[in-house]
Amino acid sequence: MATPEQVREALARKLSGPESEGGEISLDVLEVTVPSVFPDLLVKVWVGVSGQIWDVSLDYQGQQASLVSGDLNEETLSYLGLLVRTHLFEWWHTRETEKFSARIGRRLS
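Computed from a prediction, not measured in an experiment: that's the story for all the values here.

Caption draft 1: Summary view of the nonpolar core. Grouped together as the largest cluster of nonpolar side chains are 30 residues, with contacts concentrated most on Val7, Val32, Leu41, Val56, Val84 and Leu88. For this core, the elements supplying multiple residues, two or more each, are helix H1 (4–15), strand S2 (26–36), strand S3 (41–49), strand S4 (52–60) and helix H3 (74–94). Other than its neighbours up to four places away in sequence, Val56 contacts Val43, Lys44, Val45, Val47, Leu88, Trp91, Ile104 and Gly105.

Structure representation (C-alpha cells):
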C-alpha cells in the first residue's frame, strides 16, 4: 500500500497548476495533502479560482480508495488525477446550491 506521502507527491505532480474547463473557468491546484490512505483516501486540495483560494476535502471510499492500495503506476495515477480534477470542477459548480458541496470546501481568501 502506498503511503500518504507517496500519494501526495504523485498527485501533486498530476494536479498542480491551472486547468480550464472549456475556457469558461480555470482551477489552479496550489497544494495537495493526503492525510489518510486507509481505510478511506482523504485528499485535501488548496485551489485558486476567480481570485479566491479554497481548501477542499475529497473523501474517497471503497473502490476509489483502493486505487492506492497497490503500486502507484502511471495508469492508476492518471485515473486518480482525472477523478480528483473532475470532482473539483463539480464542487466549484455546485458549492452554492448543494449542501454536500458546500461542506467540502472552505474559502480561505
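Caption draft 2: Molecular detail of the pairing of S3. Across 6 bridges, S2 lies against S3 in antiparallel orientation. Bridge assignment links Asp28 to a residue of S3, and that residue is Gly48. Taken together, S2 and the strand that follows it, S3, pair antiparallel across an intervening segment of 4 residues. Looking at chain direction, S3 and S4 are connected through 9 bridges and run antiparallel. When the sheet's bridge partners are listed, Leu42 is paired in S4 with Asp59. Where S3 folds back onto S4 in an antiparallel hairpin, the turn is made up of 2 residues, including Ser50, whose phi is positive at roughly 50°.

Reading guide: rules and limits
Residue positions are given per chain, counting from 1 as you read along its sequence in written order. Local features in a predicted model are, by the rule used here, given only for residues with pLDDT of at least 70; side-chain atom pairs are given and counted only at 80 or more, and totals for whole chains, interfaces and linings are based on all residues. Calculation of side-chain values draws on the structure's entire complement of heavy atoms; hydrogens and water are dropped beforehand. Buried residues of nine kinds, namely Ala, Val, Leu, Ile, Met, Phe, Trp, Tyr and Cys, make up a nonpolar core once their side-chain atoms join them within 4.5 Å. Accessible area is worked out with a 1.4 Å probe on protein chains only. A residue is then buried under 20% of its type maximum, exposed over 50%, and partly exposed in between. Runs of H or I in DSSP of at least four residues are treated as helices and runs of E of at least two as strands, each being numbered from the N terminus. In what follows, residue pairs with any heavy atoms lying within 4.5 Å of each other are defined as contacts. When DSSP locates at least two bridges between a pair of strands, those strands are taken to pair.

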